[in-house]
Amino acid sequence: FAQFWNLSKPILFCKFCGLDTAVIEGDALPDEYKIHGITQLIPARIVMWRPFCLETLAHTMNHNESSVVENEVKRLEEKVKLLNTLTQNDVRHIVVGLDELTWNPF
């Protein structure tokens, strides 16, 4: 992925790239990575969440105030379940907020 990855950035987002969860290091790393000081790759799942303040940007938004809050609670409960499952199964993961990607990208 060196031809696609800005190697000065700490994260490579690779959707459906086929990496498993094993850490890649040492001789298994491409030379170009080593030249840039990369000593290991640690694959992780990315869990995206959208802060409540950005709800109004969603095309699925229901403007009924009580249902907006109820839907947000349901989404957060689902995220917590997902994060608990990932943690219990020792799957590395990163939680990224849409607000950070929008106004302060990596």
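Anyway, here's the lowdown on the structure attached to this text. If you're wondering where the values come from, they're calculated on a predicted model, not measured in any experiment.

Rules behind the numbers
- Residues numbered from 1 in each chain as written.
- Predicted model: local features only at pLDDT ≥ 70, side-chain atom pairs only at ≥ 80, totals over all residues.
- Heavy atoms only, no water.
- Helix = DSSP H or I, 4+ residues; strand = E, 2+ residues; numbered from the N terminus.
- Buried < 20%, exposed > 50% of the residue type's maximum accessible area, 1.4 Å probe, protein only.
- Areas by Shrake-Rupley, 256 points an atom, 1.4 Å probe, with all protein chains shown as cover.
- Patch = residues over 30% accessible without salt bridge, like charges linked within 9 Å, V, L, I, M, F, W, Y side chains within 5 Å.
- Salt bridge = Lys/Arg side-chain N within 4 Å of Asp/Glu carboxyl O.
- Core = buried A, V, L, I, M, F, W, Y, C linked by side-chain atoms within 4.5 Å.
- Contact = heavy atoms within 4.5 Å.

Concerning the overall build of the protein chain
So, point 1. Secondary structure summary: the protein chain contains three helices and four strands in total.
So, point 2. Listed N to C, the secondary structure of the protein chain is β-α-β-β-α-β-α in terms of helices and strands.
So, point 3. Sorting the 106 residues of the protein chain into buried and exposed places 20% on the buried side.
So, point 4. With an accessible surface of roughly 8200 Å², the protein chain has 56% of that area assigned to carbon and sulfur atoms.

Overview of a nonpolar patch on the surface
So, point 1. A cluster of nonpolar side chains, namely F13, I46 and I94, defines an oily patch on the protein surface of about 270 Å² accessible area.
So, point 2. Tracing the backbone through its elements, the reader meets I46 in strand 3 (residues 45–49).
So, point 3. Residue classification places I46 among the partly exposed positions, given a relative accessible area of 36%.

A word on the pattern of salt bridges
So, point 1. Scanning the entire structure with this criterion turns up two salt bridges.
So, point 2. One salt bridge in this structure joins D31 and K34, with 4.0 Å as the shortest N-O distance. Residue D31 and its partner K34 are located together in helix 1 (residues 31–35), separated by three residues, close to a single helical turn.
So, point 3. In this structure K34 comes out as partly exposed when scored by relative accessible area, which is 34%.

A short note on the nonpolar core
So, point 1. Judged by nonpolar contacts, W5, L7, L29, Y33, I38 and L41 together constitute the single largest core of six residues.
So, point 2. Beyond its immediate sequence surroundings of up to four residues, L41 is in contact with W5, A22, V23, I24, L29 and Y33.

As for the environment of R50
So, point 1. Counting through the fold element by element, R50 comes out in the loop between strand 3 and helix 2 (65–88).
So, point 2. Spatially, the C-alpha atoms of R50 and E100 are 9.6 Å apart, while their sequence positions differ by 50 residues.

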